[in-house]
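# Coordinate inspection notes
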Amino acid sequence: MSDPIGDDSAEALSTADDLLDTARDVLEANWTGRYTRPSQALYPHQWSWDSAFIAVGRAWHDAARARQELETLFEAQWTSGMVPSIVFDPTAPADAYFPGPEIWQSERSPAAPRGRPTSGITQPPIHARAALEVHRRAPPGQRAASLAWLARLYPRLVAQQRYLATARDPRGTGLAAIVHPWESGIDDSPAWDRDFHRIAVPAGDLPPYRRRDLDRAAAADRPTDADYERFIYLLALEREADYDDARVIAASPFLMVDPLFNAIRLWSEHALAEIAGLIGADPAPHRAAAGEIHEALVGKLWVSARQRFCAWDLRRDQREPEDTIVSFGPLLDPDLPPAIVAAICRELASPSFRPRGDGPHYLVPTYDERAADFDPERYWRGPVWLNTNWLVWHGLRQHGQVGLADEIVASSVALVRRSGFREYFDPLDGSGHGSDRFSWSAALFTDMVLANRSRA
Ligand code: 2M8
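Described below are features of the structure shown in this document. (Residues numbered from 1 in each chain as written. Predicted model: local features only at pLDDT ≥ 70, side-chain atom pairs only at ≥ 80, totals over all residues. Heavy atoms only, no water.)

Evaluation of the coordinates by the stated rule reveals 29 salt bridges. E133 is paired through a salt bridge with R136; the nearest N and O atoms lie 3.3 Å apart. Linking E133 with R136, this pair stays in helix α6 (residues 127-136), spanning 3 residues, or about one helical turn. A relative accessible area of 6% means that E133 is categorised as buried. The residue D373 makes a salt bridge to R381 at a minimum N-O spacing of 3.7 Å. A single network of salt bridges, built from pairs that share partners, joins R211, D213, R222 and D225. (Salt bridge = Lys/Arg side-chain N within 4 Å of Asp/Glu carboxyl O. Helix = DSSP H or I, 4+ residues; strand = E, 2+ residues; numbered from the N terminus. Buried < 20%, exposed > 50% of the residue type's maximum accessible area, 1.4 Å probe, protein only.)

Set out below in structure tokens:
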């Protein structure tokens, strides 16, 4: 491949049938009876935004399981409205994943569900959008069941959004803050390196632990030990605060406003407005909430001197300069001004994310390829992921940027064709990294290919 994707989009799509079959097999193999594991070995529990992505892909051929996936997740919602990032599966072996339930100790919070161990933090609120997508794919004979499901889920989705708008916005900025990089879902992103790398873990503060991820994936693909130690240190601080939001926010050395997280929040508010319309509730509060997030995103995170959205380190009141995938998130805002859309598209098509040259290249790397510490293989520090491809693809289509959106689909197909349903991919040579037979890669591949075929 000599140009950025070098694959003809229409041809790639029409020849993807065998891959669609394999995608279905992956989802089938990872289904537990109540939810889908992200992967068999590396992630043997239920993850929050994984389940939402998985439901979107599953809905094309198994709407009932797609609905069940989200319902299972929301059974573990905290009374505060928080949807935990991980719901632990009591049937998984105790040493299957670190940090497991005995480290998190979610029962320390009165808001946590009883008898159902979870993590004590959240993940991006993509669920309302996912629920709407699942409903749209319901076969005609299931419309009534699907509407009843939406009506059951709606108050829970509203509570999730309300939690983020209140408990996570202590300064009234209009934007929700995250207290752990794991809450972003793009955990090890250079987007917050400056802040995160300032965290010095006091010597002897953490009891010894063994990373299980390194038993199941190459060390060069995963976070460094130093970063992992910071992840666990932050977890320990949050546990010490019993996951009480006010105490956590007061104590956490990491307090970040992520443009992607908030753009997803906004996109989900628009989805909630549509859901409200479908079930006879009032869409107006959701449109108003989306409008407020829009104002705050553009007013507080758009850095015009850099012509991009930047993460905001609330503790130091600094906008982080690293050029990463989070900067493209606000494309999900349907009201983004055209000049900003144009600036984002210029950046996406620039040599930082789409170099033209002799070698192969695949879209969309998660970090500026010209940055000194760009790493094409390490978790969130450069590789292409299919969930961020899916989000950017949606954003581009929403703004009529069909050419670039089609390139993303063609790149995704080419990557899967070359390396299978891997967790992430090297944008320079297309090799696969992290775990194999990864559920959201299978689900979102399915959604992009089938939606593009039908231009749904
Ligand atoms: C990764 O995160 C977990 C911690 O939550 C881990 O590395 O152990 C991230 O890629 C996250 O976005 C994803 O939800 C999770 C499961 O796929 O794995």
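Anyway, onward from the coordinates.
Here the focus is the environment of A288. Mapped onto the fold, A288 is located in helix α14 (residues 284-301). In this structure A288 comes out as partly exposed when scored by relative accessible area, which is 42%. Distance in space between the C-alpha atoms of A288 and H270 is 9.4 Å, their sequence separation being 18 residues.

In spatial order, the strands read β3-β6-β7; together these 3 strands make up an open sheet with antiparallel pairing. A strand with exactly one partner marks an edge of an open sheet, and here the two such strands are β3 (256-257) and β7 (318-319). With 2 bridges joining them, strand β6 (residues 312-313) and β7 adopt antiparallel strand pairing. Counted as the bridge partner of W312 is R319 from β7. (Pairing = 2+ DSSP bridges.)

Considering the arrangement of structural elements, one finds S39 in the loop between α2 (17-30) and β1 (46-47). Polar contacts involving the side chain of S39 include one to the main-chain amide nitrogen of L42, which spans 3.3 Å. With residues up to four places along the chain from it excluded, the contact list for S39 reads N30, P44, S435, D436, R437 and F438. (Polar contact = N/O pair within 3.5 Å; in protein donor to acceptor, adjacent residues only side chain to side chain. Contact = heavy atoms within 4.5 Å.)

Helix-helix packing is characterised by the crossing angle of the two axes and by the distance between the axes. With their axes 9 Å apart at the nearest point, helix α16 (residues 386-398) and helix α18 (residues 439-454) run at an angle of 25° to one another. By the angle between their axes, α16 is roughly parallel relative to α18. Note on packing geometry: the crossing formed by α16 with α18 is left-handed. Taking contact as the criterion, the partners of L386, N387, N389, W390, W393, H394 and R397 in α16 are, on α18, W440, S441, L444, F445, D447, M448, A451 and N452. (Axes fitted to C-alpha atoms, helices over the stretch in contact; angles between N-to-C directions. Parallel < 35°, antiparallel > 145°, perpendicular 65-115°, else oblique. Left-handed = near helix turned anticlockwise from the far one by under 90°.)

Taken together, 15 residues are adjacent to the ligand, and D50, Y97, G185, D187 and Y379 come closest. Within the side chain of W49, one N or O atom sits 3.0 Å away from an oxygen atom of the ligand. Protein chains bury 99% of the 410 Å² of accessible surface belonging to the ligand in isolation. (Near = heavy atom within 4 Å. Areas by Shrake-Rupley, 256 points an atom, 1.4 Å probe, with all protein chains shown as cover.)

Counting through the fold element by element, E28 comes out in helix α2. Distance in space between the C-alpha atoms of E28 and G382 is 29 Å, their sequence separation being 354 residues.

Another point: the state of the cysteines. Considering all chains together, one arrives at 0 disulfides under this definition. C345 takes part in no disulfide bond, and the closest cysteine sulfur to it belongs to C310, at a distance of 17 Å. Note on C345: relative accessible area 10%, which makes it buried. (Disulfide = S-S within 2.5 Å.)

With that settled, consider the packing of helix α3 (residues 48-58) against α6. Put simply, α3 and α6 touch, their axes get as near as 8 Å, and they point 20° apart. Taken together, the axis directions place α3 and α6 in an arrangement best described as roughly parallel. Where α3 crosses over α6, the two elements pack in a sense that is left-handed. For the pair α3 and α6, contact is made by S48, W49, A52, A55 and V56 and by H127, A130, E133 and V134, respectively. Looking at the contact of α3 with α6, its residues break down into 6 nonpolar, 2 polar and 1 charged. (Nonpolar A, V, L, I, M, F, W, Y, C, P; charged D, E, K, R; others polar.)

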